[in-house]
Amino acid sequence: MKTSLDDIFINSLPTLDLHGEIRSSARVMVKEFIEDNYRLKNYKILIIHGIGTGAIKEEVHTILRTNKYVDEYHLNHFNAGCTLVYLKKILK
């Protein structure tokens, strides 16, 4: 797991907040957010899915598990309503 002290400073990361979204719209938003940040070479991003029933978190993690740009991901240690995502580095 690529956990470091800078995980504490999540306010500086590109963030997608999915509060109030349904699964279908969250799916589209997450995929676009990942692709945009991959192109921008932001290799560490934050997705806020909330806790609630867990449906949106489940959907987000399903997308992350199968997305070709995602290297790894894990729940934020300090807030279970957020997932830290590490994107693959662009090879030249």
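Residues numbered from 1 in each chain as written. Predicted model: local features only at pLDDT ≥ 70, side-chain atom pairs only at ≥ 80, totals over all residues. Heavy atoms only, no water.

**Let's talk about helix 1 (residues 23-39)**
Thought 1: End to end, helix 1 covers 24 Å across 17 residues, agreeing with the expected 24 Å (1.5 Å per residue, within 8%).
Thought 2: Residues of helix 1 that are buried in the fold lie against strand 1 (15-17), strand 2 (44-48), helix 2 (55-66), strand 3 (70-76) and strand 4 (79-87).
Thought 3: Lys 41 sits one or two positions beyond helix 1 and adopts a positive phi of about 65°. (Helix = DSSP H or I, 4+ residues; strand = E, 2+ residues; numbered from the N terminus. Expected span 1.5 Å × (residues − 1). Contact = heavy atoms within 4.5 Å.)

**Here we look at the environment of Ile 47**
Thought 1: Here Ile 47 lies in strand 2.
Thought 2: Counting along the chain gives 13 residues from Ile 47 to Ile 34, while the straight-line C-alpha distance between them is 9.8 Å.
Thought 3: Setting aside its immediate chain neighbours within four residues, Ile 47 contacts Leu 16, Leu 18, Val 30, Phe 33, Val 60, Leu 64, Gly 81, Cys 82, Thr 83 and Val 85.

**Structural notes on the sheet that holds strand 3**
Thought 1: Strand order in this open sheet of 4 strands is 1-2-4-3, and the pairing throughout is mixed. At either end of the open sheet lies a strand with only one pairing partner, and these are strand 1 and strand 3. Averaged over all neighbouring strand pairs, the angle between strand axes comes to 20°, with direction disregarded.
Thought 2: The sheet strands contacting helix 1 are strand 1, strand 2, strand 3 and strand 4, and the helix crosses strand 2 at an angle near 165°. (Pairing = 2+ DSSP bridges. Axes fitted to C-alpha atoms, helices over the stretch in contact; angles between N-to-C directions.)

**A word on the environment of Tyr 86**
Thought 1: Note on placement: Tyr 86 falls in strand 4.
Thought 2: The buried category is assigned to Tyr 86, whose relative accessible area is 7%.
Thought 3: As a C-alpha pair, Tyr 86 and Ile 34 span 52 residues in sequence and 9.9 Å in three-dimensional space. (Buried < 20%, exposed > 50% of the residue type's maximum accessible area, 1.4 Å probe, protein only.)

**Observations concerning the environment of Glu 35**
Thought 1: Relative to the elements of secondary structure, Glu 35 occurs in helix 1.
Thought 2: In this structure the C-alpha to C-alpha distance between Glu 35 and Tyr 69, which are 34 residues apart in sequence, comes to 7.5 Å.

**Let's talk about the nonpolar core**
Thought 1: If you look at the biggest cluster of nonpolar residues, it comprises 17 residues, and the most contacted ones within it are Leu 18, Val 30, Ile 47 and Leu 87.
Thought 2: Mapped by element, the contributors of at least two residues to this core are helix 1, strand 2, helix 2 and strand 4.
Thought 3: In terms of residues, this core owes the most to one element, helix 1, which gives 5 residues.
Thought 4: Leu 46, Ile 48, Cys 82 and Leu 84 belong to the second largest nonpolar core, which has 6 residues in total. (Core = buried A, V, L, I, M, F, W, Y, C linked by side-chain atoms within 4.5 Å.)

**Description of unusual backbone geometry**
Thought 1: With a phi angle near 65°, Lys 41 is a residue other than glycine that sits in the positive phi range.
Thought 2: Take Lys 41: its relative accessible area is 40%, and that puts it in the partly exposed class.

**Looking at the pairing of strand 2**
Thought 1: Of all 5 residues making up strand 2, 5 are buried, and the element is well covered by its neighbours.
Thought 2: Because side chains alternate across strand 2, one face comprises the buried residues Lys 44, Leu 46 and Ile 48, and the other comprises Ile 45 and Ile 47, equally buried.
Thought 3: In terms of strand pairing, strand 1 meets strand 2 through 3 bridges, oriented parallel. Bridging across to strand 2, Leu 16 finds its partner in Ile 47.
Thought 4: Handedness of the crossover joining strand 1 and strand 2 through helix 1 is recorded here as right-handed.
Thought 5: Of the pairings in the sheet, the one linking strand 2 to strand 4 comprises 5 bridges and is antiparallel in character. Across the sheet, residue Ile 47 finds its bridge partner in strand 4, namely Thr 83. (Right-handed = clockwise from strand over helix to strand, strands pointing away.)

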